[in-house]
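Chain and residue survey
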Amino acid sequence: IFMVLVCLVVSFSFSAQASREKDSHEHGAANVMLAMEGEKLQLNFEVPSESLIGFEHFPKSQDQRWYFNEAIKSLLEPSKLFSIPADAECLLVGINVSQSLFAAKDEHGHEEKDEHGHDESEKSEIHSEFISKYHWNCEHLDEIDSIGTQLMNIFPRIEEIRVRWITKNNQGSIELESKDDRIKGWK
């Protein structure tokens, strides 16, 4: 019985992971995870590169490098992406912006090879994401009943934002479409 339970748990884990990977990479859709606890507010933003810059490969032209750099600059300015109520008195204490294009390289900068010596990127379609994590300390976290967002205005290729939140009292989700600009629902 124990082995059957272990096998079920493992198969559900793999199934859940595959589902998350599929859901996390849909062109035109972005994911935001919001967590509030104590005095801490954390926002994680994940989006396919195509939805921000129009391509998912290494920047090849001067224009592509410009779009890539502009996306990074925008992601490094969370006050332009998200507006937190001033009454909450939040102070930004951490930013982490990453791009998965560079994850396919090994630590020496070489493309990863399969057992036949082929580049992994040649075998499958390239998928890359931008992932941004923002952390604030807030004097009055309970004053936050919604957070404004300009993500769809700044990045017009984003058509839908799937938001999940966790607070000390509940958890839930909301989907923002078109020009929706408020993340809310936990109060």
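Residues numbered from 1 in each chain as written. Predicted model: local features only at pLDDT ≥ 70, side-chain atom pairs only at ≥ 80, totals over all residues. Heavy atoms only, no water.

1. What about the pairing of strand β1 (residues 29-37)?
The condition that has to hold: When DSSP finds at least two bridges between two strands, those strands are taken to pair. A run of DSSP states H or I qualifies as a helix once it reaches four residues; a run of E qualifies as a strand once it reaches two. Both are numbered from the N-terminal end.
As defined by bridge partners, β1 adjoins strand β7 (residues 160-166) across seven bridges and the pair is classed as parallel. Across the sheet, the residue bridging to Ala-35 is Ile-166, located in β7. Relative to strand β2 (residues 40-48), β1 runs antiparallel, the two sharing seven bridges. In the sheet register, Ala-35 faces β2, and the bridge partner there is Gln-42. Taking the residues that link successive antiparallel strands as the turn, the β1-β2 hairpin has two residues, and the phi of Gly-38 there is positive, at about 60 degrees.

2. Details of unusual backbone geometry
Even without being glycine, Glu-89 reaches a positive phi, approximately 50 degrees. As for its placement among the helices and strands, Glu-89 is situated in the loop between β3 (82-83) and β4 (90-99).

3. Describing the sheet that holds β1
As a reminder, the rule being used: Under this scheme, a helix contributes an axis fitted over its contacting stretch, all axes are lines through C-alpha atoms, and angles between N-to-C directions fall in the 0 to 180 degree range.
Here six strands make up an open sheet; going across it, the order is β4-β5-β2-β1-β7-β8 and the pairing mixed. Because the sheet does not close on itself, it has two edges, and the strands there are β4 and β8 (171-177). Between one strand axis and the next, the sheet turns through 15 degrees on average, direction left out of account. Note: β4 against strand β5 (residues 129-138), nine bridges, orientation antiparallel. Residue pairing across strands places Ser-98 opposite Ile-131, the latter belonging to β5.

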